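Chains, contacts and geometry: an overview
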Amino acid sequence: MKTKDISLADISRFRAELMGVAMIIVVLFHVSLPRSDAFFGLRRMGNLGVDIFLFLSGMGLWFSWMKTTVSDAPLWKKWKDFYWRRLVRIYPAWLVVASLYYIPRFMGHEQHTTAAWIDLFLDIAINWNFWTRDELTFWYIPATMMLYVFAPPYMQLVHKHPVYRWLAAGMLMWCVVVQYVTPIHNAVGHIEIFWSRVPIFFLGINMAESIRRKDTVDGTAIWLTLFLFILSLASCVWLEQYRHGKFPLFLERMLYIPLAVTTILLLCKAFCHTPQWARRCAAFVGTISLEMYLIHVEFVLRPVEQHHLGYWPTFLIIMAVAVPLSWLLHKAVARVTKMLSLT
């Protein structure tokens, strides 16, 4: 019997559900677990949620960008509208949460020098300390905004000259250069967590046109997908369980690239046979994933972990508290943004 073809359109169809699953495994990653635990290596794979987010973000940007190609507006206006839509989606929630986190921390310091005030302003504005000192508190937000800055020129380039999609290979090379070429490593190696996630974002852009056209892949590719998924997952789990801290992390994040893509394809297959209520729950979490990311660690996880309730009880409490808080922030920011757009 012929294996059913893989529909790439399912990646777009289940985008919200995929983002919901990605957010859940990110939460699982952030809950502490002793290295001696047999689940430690698999729990570390929650890191993969970031790569899934970035792939889907790149795909979504291409969809949005292609809608502008039918417009007769000047290129500069298309870029301006594109950047404004991204800013309105991310920045208001970021400003609320960053202010709630950085201002109380600043007020707790005894000395409020001019330099400290400037540092506070820049942290709230662009998470300055991530770029300068690799502060990882909210690193995904400034990293994403930086990727959004470079996305339009890249999309314009590959739309006119598709061969430049091979720049993704150069991005992989850059990760090696950052790690091992000493002058470059000394200059920008502290944000390796950003560089090693750049390729998956632009790969999402590269694959998006096939997804938009609703291309299909020969059904026998499911066996290749399963092989690459098992190989990359098993390798990453082994590395984390037995070699954690003994190798440059960017090497494992190169394995995350095939792992993220195959995970997305397999999840889409699973969602085709998942009850509607389960898909709706995953999609709901995906809708508030930005707010969940901003809230769950510093405002929920830190207080809960002080009670040492264990891994799974801690995870369940975080979800029970962070989901409604994130929904409230999502709705509040949407309402304020709508009111401002009407004035």
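Before reading further, recall that the structure is shown in the block above.
Here we summarise the structure given alongside this text. (Residues numbered from 1 in each chain as written. Predicted model: local features only at pLDDT ≥ 70, side-chain atom pairs only at ≥ 80, totals over all residues. Heavy atoms only, no water.)

1. A short note on the overall build of the chain
Within the chain, the secondary structure is distributed over 17 helices and two strands. Against the globule reference of 20 Å for 343 residues, the chain gives a C-alpha radius of gyration of 21 Å, in line with a compact fold. A principal-axis box enclosing the C-alpha atoms of the chain has dimensions of 70 × 60 × 50 Å. A buried classification covers 46% of the 343 residues belonging to the chain. Look at the contacts in the chain between residues 6 or more apart in sequence, and 78% of them connect residues 24 or more apart. Carbon and sulfur atoms make up 69% of the accessible area of the chain, which totals about 17800 Å². On the chain, the mean spot of the 32 positive side-chain charges and the mean spot of the 21 negative ones are 7 Å from each other. (Helix = DSSP H or I, 4+ residues; strand = E, 2+ residues; numbered from the N terminus. Rg over C-alpha atoms; globule rule 2.2 N^0.38 Å. Buried < 20%, exposed > 50% of the residue type's maximum accessible area, 1.4 Å probe, protein only. Contact = heavy atoms within 4.5 Å. Areas by Shrake-Rupley, 256 points an atom, 1.4 Å probe, with all protein chains shown as cover. Lys, Arg positive; Asp, Glu negative; His and termini not counted. Charge placed at Lys NZ, Arg CZ, Asp CG, Glu CD.)

2. Looking at the side chain of E240
Within the secondary structure layout, E240 lies in helix α13 (residues 221-243). Residue contacts for E240: discarding those within four places in its chain leaves R35, F40, G41, R44, M45, L249, E252 and Y256.

3. Quick look at the pattern of salt bridges
Tallied over the full model, the rule gives 12 salt bridges. Between D51 and R197 there is a salt bridge, with its nearest N and O atoms 3.2 Å apart. Residue D51 is found in helix α4 (residues 48-68), and its partner R197 is found in the loop between α11 (192-195) and α12 (198-212); the two are separated by 146 residues along the sequence. Across the pair, R197 and D51 agree in class, each one buried. Here R105 makes a salt bridge to D123, at a shortest N to O gap of 4.0 Å. (Salt bridge = Lys/Arg side-chain N within 4 Å of Asp/Glu carboxyl O.)

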